Structures are given as C-alpha cells and as structure tokens.
Amino acid sequence: MATHPFARIVLAHLARYPLMQPDDLYKLAHQAALGSEHAVSSEARARTWLERELIGMGGGPPEPLLDPISADGRILRVHLRPFIQEGCGPDALLRAFIQTASQVKGSPQDLRTNLATILGLAQSGKIGFQEGDLRALFTRMESAGWPARRHSDAYTRAYKPAYRVVSRVFLPARLPG
C-alpha cells in the first residue's frame, strides 16, 4: 500500500505536516482527485481572494514551490510564498487556477481510491489515525456529496497554508528561478 503513488504523497505530507488531522487528509485526497473546481465562483472573486492572501499570508514553514498531490503528478499545490519568492507573477497563477477549475473534472471514483489508500495506511499502522475514525469521516463526506473542507484549525495555526491547486499543464512551461 505504501508503494502506491498517493500513499507516498500522504506519507510525505504527514512527515512535513505532522499536525495534520483527518480533515486535512480528506482535503488532500479531495484536491488530488477533484482539483479546484469548487473554489472558483468567478474570476473577480478568485483574483480578490488571491490578492488578499498574498498581502496577508505572512511567513510560514519551508515548502516546495510545486507540490504534486495527485498520483499521476498532474495536480499540484503551488505554494504562494515560494511562488512569489521565485519572482513569479500572480497573473499566471490565477490563470492556471481558473483554467484548472473550469477544465479539470475529477471523479468521485478517484476520490474513493485516494480515501481507500488512506484507510489502508491507517489499517497497516503507517499513519497515526484510527481506521474507524477515518472511515466515519469519509462516509459522512460521501453522504454529503463529497464537499470541499477547510484545513483543520491545528493545521492552519501551525502551517499557515497559502497555495492554489492547479493542473501542471496550465502553468508556464518555465517558472522563474
């Protein structure tokens, strides 16, 4: 199970973010499978959200610029702090984010596969969460139609997440830096 590409992603995230909670695991699986389609209601709102976040994000932990989260590596979290530090302009990221939201349609089956991978890691004792607790959360999310979730309070306080979920194909071929 730990050799599955998404299992390696989960384990890497838990190593980088040891205060992750079940909601954060669900969010990772959800974003990896469904991208950012839930996050864009209009281009103007997406632009305002990005501009406000860039102004107010402050410092945070070391993070990679591009953080593949899907098993095939096509869906990424682009972390805003290193993105700006590399001299990248927010317009290119905004375009990639909007294109991803409008053109990348994941599937509930991909999400189920990701969640099954997480359950397998819990069952084998490779992660510090009880399989039954995770299964109960995932069942509630499925019953609710697979809604997007926010990061847990513990994760938000500790890591100050600031990123956009995008498809690799919509990013500029060569990023500065």
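Residues numbered from 1 in each chain as written. Predicted model: local features only at pLDDT ≥ 70, side-chain atom pairs only at ≥ 80, totals over all residues. Heavy atoms only, no water.

In this model, helix α6 (residues 108-123) (16 residues) spans 22 Å end to end at C-alpha, consistent with the 22 Å of a helix rising 1.5 Å per residue. Among all positions in α6, only L111, N114, L115, T117, I118, L119, G120, L121 and A122 are buried. Along its buried surface, α6 packs onto α1 (5-16), α2 (22-34) and α7 (131-143). G125, located one to two residues past α6, shows a positive phi value of around 80 degrees. (Helix = DSSP H or I, 4+ residues; strand = E, 2+ residues; numbered from the N terminus. Expected span 1.5 Å × (residues − 1). Buried < 20%, exposed > 50% of the residue type's maximum accessible area, 1.4 Å probe, protein only. Contact = heavy atoms within 4.5 Å.)

The next subject is the packing of α1 against α6. In contact at an axis separation of 9 Å, α1 and α6 are set at 60 degrees when each is read in the N-to-C sense. Our pair here, α1 against α6, has a crossing hand that is right-handed. On α6, the residues touching F6, A7, V10 and L11 of α1 are N114, T117, I118 and L121. Classifying every residue of the contact of α1 with α6 gives 6 nonpolar, 2 polar and no charged. (Axes fitted to C-alpha atoms, helices over the stretch in contact; angles between N-to-C directions. Left-handed = near helix turned anticlockwise from the far one by under 90°. Nonpolar A, V, L, I, M, F, W, Y, C, P; charged D, E, K, R; others polar.)

Quick look at the pattern of salt bridges now. For the structure on display, the rule yields 9 salt bridges. R47 is the partner of D91 in a salt bridge, and the nearest nitrogen-oxygen pair spans 3.0 Å. Taken together, the residues D91 in helix α5 (residues 90-103) and R47 in helix α3 (residues 43-56) connect sequence positions 44 residues apart. One network of salt bridges, in which partners are shared, links E43, R47 and D91. (Salt bridge = Lys/Arg side-chain N within 4 Å of Asp/Glu carboxyl O.)

Our next topic: the pairing of strand β2 (residues 75-79). Taken across its 5 residues, β2 has 5 buried, putting it largely inside the fold. A two-sided burial pattern is seen for β2, the buried positions comprising I75, R77 and H79 on one face and L76 and V78 on the other. Here 3 bridges tie strand β1 (residues 66-68) to β2, and the two strands are oriented antiparallel to one another. The partner of P68 across the bridge, within β2, is L76. Hairpin connection from β1 to β2: 6 residues lie between these consecutive antiparallel strands, with G73 at a positive phi of about 80 degrees. Sheet topology note: the β2/strand β3 (residues 163-167) ladder contains 5 bridges and is antiparallel. Looking at β3, one finds that H79 is bridged to Y163. (Pairing = 2+ DSSP bridges.)

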